[in-house]
Amino acid sequence: MFKPTDIQRGMTVRDRDGEALGGIVAVDPRGFTIGKGRIFEREYPVRFSDVADLDGEDVYLRRDLASLPGAVLAEGALELEDDHCHPGTPHRPVAYTHDLTGALVPMME
């Protein structure tokens, strides 16, 4: 269980599947704000009740990107590529889970 006081500016926010959504730019008593960037066209507020867990400098939300209410994706955000994809291949998020020790690890397919 996390404490809201553990959430700080500069931490990375990820959806439930581990997809990086952006960095925290502000924290207030109700929640925090994800800065605009490659995923969001403008700052996106998040309530503490939407947080599932913390792992180091990462904040994991209860929902995936597609189910975030009111999310307005930046143009081309879903067509991103990573180092393991060929040009033109859409980015595939990695799903994470907790192992028996409580550590966050990628799920095996």
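Residues numbered from 1 in each chain as written. Predicted model: local features only at pLDDT ≥ 70, side-chain atom pairs only at ≥ 80, totals over all residues. Heavy atoms only, no water.

1. Section: the overall build of the chain
- Helices and strands together make up the secondary structure of the chain, namely 0 helices and 8 strands.
- Counted from the first residue to the last, the chain has its helices and strands arranged as β-β-β-β-β-β-β-β.
- A burial count over the chain gives 29% of its 109 residues as buried.
- In the chain, 41% of the contacts between residues at least 6 apart in sequence involve partners at least 24 apart.
- Put simply, the chain shows about 7300 Å² of open surface, and 52% of that area lies on carbon and sulfur atoms. (Helix = DSSP H or I, 4+ residues; strand = E, 2+ residues; numbered from the N terminus. Buried < 20%, exposed > 50% of the residue type's maximum accessible area, 1.4 Å probe, protein only. Contact = heavy atoms within 4.5 Å. Areas by Shrake-Rupley, 256 points an atom, 1.4 Å probe, with all protein chains shown as cover.)

2. Comments concerning the confidence of the model for the chain
- Confidence in the prediction of the chain, expressed as mean pLDDT, is 78, and 65% of residues score 70 or more.
- When pLDDT is averaged over each helix and strand of the chain, the minimum, 61, is found for strand β8 (residues 104-106) and the maximum, 96, for strand β1 (residues 12-14).
- When the criterion is pLDDT under 50, residues 79-86 qualifies, and its contacts beyond four places in sequence or with other chains add up to 10 contacts. (pLDDT = per-residue confidence, 0-100.)

3. Side note on the environment of V59
- Looking at where V59 falls in the secondary structure, it is placed in strand β6 (residues 58-61).
- On the accessibility criterion, V59 (0% relative accessible area) is buried.
- For the pair V59 and Q8, spaced 51 residues apart in sequence, the C-alpha to C-alpha distance is 9.7 Å.
- Apart from the residues within four sequence positions on either side, V59 is in contact with I7, M11, T12, V13, R14, I24, F32, V51, D53 and L54.

4. Some points on the side chain of D64
- Along the chain, D64 falls in the loop between β6 and β7 (96-98).
- Not counting residues within four places of it along the chain, the set of residues in contact with D64 comprises D15, R16 and D17.

5. Some points on the side chain of E19
- Note on placement: E19 falls in the loop between β1 and β2 (20-28).
- At 3.3 Å, the side chain of E19 and the side chain of R38 are in polar contact. (Polar contact = N/O pair within 3.5 Å; in protein donor to acceptor, adjacent residues only side chain to side chain.)

6. Some thoughts on the sheet that holds strand β3 (residues 31-34)
- Strands sit in the order β4-β3-β2-β1-β6-β5 across an open sheet of 6 strands; the sheet is mixed. The two strands at the open ends of the sheet, each matched to only one other strand, are β4 (44-47) and β5 (51-55). The sheet shows a mean angle of 35 degrees between the axes of neighbouring strands, direction not considered.
- For β3 and β4, the ladder comprises 4 bridges, and the chain directions are antiparallel. Within β4, the position partnered with T33 by the bridge is P45. (Pairing = 2+ DSSP bridges. Axes fitted to C-alpha atoms, helices over the stretch in contact; angles between N-to-C directions.)

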